[in-house]
Every structure is written in C-alpha cells, then in structure tokens.
Amino acid sequence: MKRFLVGNSFPMNLVRRKVTITPETWQNCLHVLNAGSWKSFWGHQNTLSAVNDLCGLDLTPRTIRPALQLDKNGYPVLDGESFRECWLLSPEYTEGFRPAIGEEVGIEKIKAWQVLHITWE
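Here goes a summary of the coordinates provided.

What follows covers the side chain of Asn 8. As for its position among the elements, Asn 8 is in the loop between β1 (3-7) and β2 (19-24). In this structure the side chain of Asn 8 is engaged in a polar contact, spanning 2.7 Å, whose partner is the side chain of His 44. Those residues within four positions of Asn 8 in sequence are excluded, and the remaining contacts are Phe 41, Trp 42, Gly 43, His 44, Leu 88, Leu 89 and Ser 90.

What follows is about the sheet that holds strand β7 (residues 85-93). What holds strands together in a sheet is hydrogen bonding between their backbones, with the strands either parallel or antiparallel. On the basis of which strands lie adjacent, the open sheet formed by 5 strands has the order β2-β8-β7-β1-β3 and mixed pairing. In this open sheet, the two strands that pair with only one neighbour each are β2 and β3 (37-40). Within this sheet the neighbouring strands show an average axis-to-axis angle of 25°, counted without direction. Both β1 and β3 contribute to a ladder of 4 bridges, which runs parallel. Within β3, the residue paired with Val 6 across the bridge is Ser 40. Relative to the sheet, helix α1 (residues 26-35) contacts β1, β2, β3, β7 and β8 (110-120), its axis offset from that of β7 by approximately 135°.

Across 6 bridges, the pairing between β2 and β8 is antiparallel. Looking at β8, one finds that Pro 23 is bridged to Leu 116. Sheet analysis places β7 next to β8, joined by 9 bridges and oriented antiparallel. Note that in β8 the partner of Trp 87 across the bridge is His 117.

With that settled, consider the environment of Arg 84. Assignment of secondary structure puts Arg 84 in the loop between β6 (81-82) and β7. Residue Arg 84 is classed as exposed on the basis of its relative accessible area of 52%. Between the alpha carbons of Arg 84 and Gly 74 there is a distance of 9.7 Å; along the sequence they are 10 residues apart. Apart from residues no more than four positions distant in its own chain, Arg 84 is found in contact with Tyr 75, Ile 118, Thr 119 and Trp 120.

Rules and cut-offs
Residues numbered from 1 in each chain as written. Predicted model: local features only at pLDDT ≥ 70, side-chain atom pairs only at ≥ 80, totals over all residues. Heavy atoms only, no water. Helix = DSSP H or I, 4+ residues; strand = E, 2+ residues; numbered from the N terminus. Polar contact = N/O pair within 3.5 Å; in protein donor to acceptor, adjacent residues only side chain to side chain. Contact = heavy atoms within 4.5 Å. Pairing = 2+ DSSP bridges. Axes fitted to C-alpha atoms, helices over the stretch in contact; angles between N-to-C directions. Buried < 20%, exposed > 50% of the residue type's maximum accessible area, 1.4 Å probe, protein only.

See below:
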C-alpha cells in the first residue's frame, strides 16, 4: 500500500529536489485518502475539525503541529519515515481577507478548499 503525507501546507524551504505540484479535485483526494495509508502533519487546530467533517476522516496528527524534516536524499520525513508523496488541503478564505500574523482563522472565513498533490522525483 502506498504511503503518503497529508497536511494543510508544506514548508517550501524543505524542497531540496525536483517536485511536481498538481492541483487536484476533492473527489480524487478523498479516494486516495480512503484507499491509502497516510500520516498527517496538520498544523492548524482551527481548520482541523472543518476538514475532518468535510473528509469524513480524522486527519489529526499523532503529535500537535509536527515538524517535518528531510532525509539524506532530500525527501520529507515524519516520525522517522520518508515520503515521496504529499496531499495538501488548504483553506481558501473569503475575498479580501488576509489573516493577521499568528492569527488562527475561524471556519466561517473559509469559502472553499484547495487540493494540491506534491510528488518528489
């Protein structure tokens, strides 16, 4: 079974090798989440319950706000396991809204969700 990461954002400073980032549909994302074996590195508690409800899955990470690292080959690592695939579910906010630095945004400000699929070569 293919293993992959799932989260709400990916730290671009950890991209050290070629990646492909592809916009995806919710349907494809839900299919992959339900069929695969994944580990969550979800970082924002305020959006976690909203995405859990939307997906019908519990994307709560094993630890609060887990930090990704890189292995010696430049692949992301979580809990000692390296990955070559990641699905991101990021909130799209209402027009004209930009969160203040450090602000946790309430779900009422979310108008939609963006799905991105990242693969490492």
